[in-house]
Amino acid sequence: MTIEHGLRVPMVGKPQATAAYAKEVEAAGFDFLWMPDTPLLAGLWRDTYMHLTCAALETKRIRLGPGVTNPITRLPVTVGSAIVTLNELSEGRAELPFGSGYSSAYITGRKAASLEVMRQATELWRSIFSGALTQLGGLEIKLDPPHPGIPIIMAASGPRTLQLAGQIADGVLIMVGAHPGCIQWALEHVEIGMARAGRDRNSVSRTLVITACVDDDRQRAIDLMRPCVGNLLRHRFVNELLDRAGLAVPEMPQNIPQPYPDLGHAVDWEEAKRVTAWIPDEVVVAMNALGSGSEVAERAAALAECDIDAIWWRDHGTWDYPDALFRGLVDEVFPKL
């Protein structure tokens, strides 16, 4: 099965530099490029939409979107306006991946979005994009012209969110690691939601978030990627997830220090590696795609057999462009797929 490939590119440096990088990513054959949306994280990230705008001006084919935005730090109507504008600028290449905003909300002292808030946001965006008469609370609007082709893609990890995505979204961004058993577990929940809404397979696209490292030194890759598993092991459903991977849940130490600003985006990655040293190698290997180009390609091929549509590749990094992963995928992985 042929699947699409995307790359996560953080908003570091000037938007013009990101635009030049996006041009390289497009030339390398990637299908989409998404940029995270946590405003001013650690004082280092910048505005997603300004970077996306510049990327759109320097590219012609690749699809663009926030990866991912949320209805908490940005009002849904504000997100809708930005996405419609990006779609016009890029001549129809905008996408709307969104999630609960957990990592974005907590830095402003707020809670992540509830399932009901995510449902309401999806309904609002679909109404606006379709050109239907839409209530904004104090005013009715009707988008002119409409943009019904913008896909609304819900990021999901837990059972209830996966089911909601299957029920109401145009696509689901599955965030449960890189083991085929875990992916099948997630898809079962997506299909429960699809069945509730009477939707068929083609109604909901399926994209995997895969953290990856292409490195012939397998142990070095494992050590580098260990912190990427930390947040996943905190989820309530981790027992079910690791059981599908044939693994036992490791015992988590008490009072683990939290790197700044958080584990997944640690400014000091060496500190993140130290505080996650308790995570066994086999769990790191199961939940990431790592090792030589052949090993990463083998994992990607196994994931493609799970009836998915796309992989959104990301590296461990937050504060630099994903150069090593970019070159590793293009030079060593994709030619083997």
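Criteria and cut-off values
- Residues numbered from 1 in each chain as written.
- Predicted model: local features only at pLDDT ≥ 70, side-chain atom pairs only at ≥ 80, totals over all residues.
- Heavy atoms only, no water.
- Helix = DSSP H or I, 4+ residues; strand = E, 2+ residues; numbered from the N terminus.
- Contact = heavy atoms within 4.5 Å.
- Phe/Tyr/Trp six-rings, centres within 6.5 Å; stacked < 30°, edge-to-face > 60°.
- Buried < 20%, exposed > 50% of the residue type's maximum accessible area, 1.4 Å probe, protein only.
- Lys NZ or Arg CZ within 6 Å of the ring centre and 35° of its normal.
- Axes fitted to C-alpha atoms, helices over the stretch in contact; angles between N-to-C directions.
- Parallel < 35°, antiparallel > 145°, perpendicular 65-115°, else oblique.
- Left-handed = near helix turned anticlockwise from the far one by under 90°.
- Nonpolar A, V, L, I, M, F, W, Y, C, P; charged D, E, K, R; others polar.

Draft legend 1. Fine view of the environment of leucine 329. Here leucine 329 lies in helix H14 (residues 323-333). In this structure, leucine 329 is in contact with Phe30, Val214, Trp313, Phe334 and Pro335, ignoring residues within four places of it in sequence.

Draft legend 2. Highlighting the packing of aromatic side chains. Counted according to the given criterion, the structure contains 9 aromatic pairs. Considering the side-chain rings of phenylalanine 98 and tryptophan 125, the 4.9 Å spacing of their centres and the 80 degrees angle between planes classify their relative orientation as edge-to-face. Note that phenylalanine 98 is positioned in strand E4 (residues 96-98) and tryptophan 125 in helix H5 (residues 115-130), a separation of 27 residues in sequence. When its relative accessible area of 0% is taken as the criterion, tryptophan 125 is described as buried. Among the aromatic residues, ring-to-ring pairing joins Tyr21, Phe30, Tyr321, Phe326 and Phe334 into one connected group. Stacked on the ring of phenylalanine 326, the Lys or Arg arginine 327 has its end atom at 5.0 Å from the ring centre.

Draft legend 3. Geometry of the packing of helix H3 (residues 76-89) against H5. With their axes 10 Å apart at the nearest point, H3 and H5 run at an angle of 40 degrees to one another. Judged by the angle between their axes, H3 and H5 are oblique. Seen along the crossing, H3 lies across H5 with a hand that is right-handed. Here Pro76, Val77, Val79, Gly80, Ile83 and Val84 of H3 lie close against H5, whose contacting residues are Ala121, Leu124, Trp125 and Phe129. For the contact of H3 with H5, the per-class residue count stands at 9 nonpolar, 1 polar and no charged.

Draft legend 4. Local environment of the packing of H5 against helix H6 (residues 159-168). H6 packs onto H5 with a crossing angle of 20 degrees between their chain directions and a minimal axis gap of 11 Å. By the angle between their directions, the pair H5 and H6 is classed as roughly parallel. Seen along the crossing, H5 lies across H6 with a hand that is right-handed. Counting all contacts with H5, which are made through Leu115, Met118, Arg119, Thr122 and Arg126, the residues of H6 involved are Arg160, Thr161, Leu164, Gln167 and Ile168.

Shape descriptors only; they carry no functional weight alone.
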